[in-house]
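Read off the chains here:
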Amino acid sequence: MEKLARSLLEELNVETAFTIPLFGGIPVSESVFVTWIVMAILILAAFLLGRNLRVRNPGRRQQIAELIVTKLDAFTKGTLGEEATEYSTYMASVLLFIGFVNLTGIFGMKPPTKDLNIPAALAVMSIVLVEAAGIRAFGLGGWMKRFAKPMAILTPINILEIFIRPLSLCMRLFGNVLGAFVIMELVTLVVPVGVPAILSLYFDVFDGLIQAYVFVFLTSLYIAEAVE
């Protein structure tokens, strides 16, 4: 158990990847560095797939790009509803980002979602968008009045939801990634050969993509509720 505890603390520890020699040194954590790598890959892929598009006789590259966009739009717009389709691009971007971030464990890197700061930042961004969508749909006055519905006595609970939702999104994403690591460490202690490799593939691929799906699905439901 002591070995497991030490391994867990090592995994939770956010190490510094390098230091930028400016203003006395700006430390860049490993999670931020991996995040930059994922962002660069997504931006480069979007640039390569999105350039030189044609209306007639599209090439294979354009067909792949259109297929990806169509599938992402179908998922996000179906969850958001007709009144919030303008937020589908953001939700698709978050889905791709979390999905690719969770897949970095396959290549021997520590997934940034193991750093509590990353899920917390994603959760705060999503909830800010949820509340902004409500204000945009009903105006500031209408948005504030919704806290008193369906009864004024529920106002404190409705206000509390603003803080509960990002906490729930953050801890669900972080907790599932952390739980997968704990399971992997326990399995490694019992069966050190063979089984850990198979389970690692499962947690890094299937479970990681499921967590991306759940995060985006819940955020989309919150936005749909805010604008209906």
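Procedures and definitions
Residues numbered from 1 in each chain as written. Predicted model: local features only at pLDDT ≥ 70, side-chain atom pairs only at ≥ 80, totals over all residues. Heavy atoms only, no water. UniProt positions renumbered as here; feature names shortened; annotations may be inferred. Helix = DSSP H or I, 4+ residues; strand = E, 2+ residues; numbered from the N terminus. Buried < 20%, exposed > 50% of the residue type's maximum accessible area, 1.4 Å probe, protein only. Contact = heavy atoms within 4.5 Å. Areas by Shrake-Rupley, 256 points an atom, 1.4 Å probe, with all protein chains shown as cover. Lys, Arg positive; Asp, Glu negative; His and termini not counted. Charge placed at Lys NZ, Arg CZ, Asp CG, Glu CD. Axes fitted to C-alpha atoms, helices over the stretch in contact; angles between N-to-C directions. Parallel < 35°, antiparallel > 145°, perpendicular 65-115°, else oblique. Left-handed = near helix turned anticlockwise from the far one by under 90°.

- Per an unreviewed UniProt entry, the protein is named ATP synthase subunit a, and its organism is Oribacterium asaccharolyticum ACB7.
- One UniProt comment on the protein, placed under Sequence similarities (unreviewed entry), says "Belongs to the ATPase A chain family."
- Looking at the Function (unreviewed entry) heading of the UniProt record, one finds this comment for the protein: "Key component of the proton channel; it plays a direct role in the translocation of protons across the membrane."

## Section: the overall build of the protein
Here comes step 1: When its secondary structure is counted, the protein shows seven helices and two strands.
Here comes step 2: The helix and strand sequence of the protein, counted from the amino end, reads α-β-β-α-α-α-α-α-α.
Here comes step 3: In terms of overall dimensions, the protein has a C-alpha envelope of 60 × 55 × 45 Å along the principal axes.
Here comes step 4: Taking all 228 residues of the protein together, 34% fall into the buried category.
Here comes step 5: Within the protein, counting contacts between residues at least 6 apart in sequence, those at least 24 apart form 65% of the total.
Here comes step 6: By element, 70% of the accessible surface of the protein is carried by carbon and sulfur atoms, the whole surface being about 13,900 Å².
Here comes step 7: Of the charged side chains in the protein, 17 are positive and 18 negative, and the gap between their average positions amounts to 10 Å.

## Section: the packing of helix α5 (residues 117-145) against helix α7 (residues 195-227)
Here comes step 1: Packing of α5 against α7 leaves a shortest axis separation of 8 Å and a crossing angle of 20°. One way to sum up the angle between α5 and α7 is to call them roughly parallel. For the pair α5 and α7, the crossing hand works out as right-handed. For the pair α5 and α7, the contacting residues are Leu122, Ala123, Ser126, Ile127, Leu129, Val130, Ala133, Gly134, Ala137 and Phe138 in the first and Phe215, Thr219, Tyr222, Ile223, Ala226 and Val227 in the second.

## Considering the UniProt feature "transmembrane region" (unreviewed entry) in the protein
Here comes step 1: Under the UniProt annotation, "transmembrane region" (unreviewed entry) lies at residues 33-53, 87-108, 120-143, 173-203 and 209-227.
Here comes step 2: From the first C-alpha to the last, residues 33-53 spans 32 Å; its make-up is 86% helix and 0% strand.
Here comes step 3: Along residues 87-108, the helical share is 73% and the strand share 0%, with 34 Å between the first and last C-alpha atoms.

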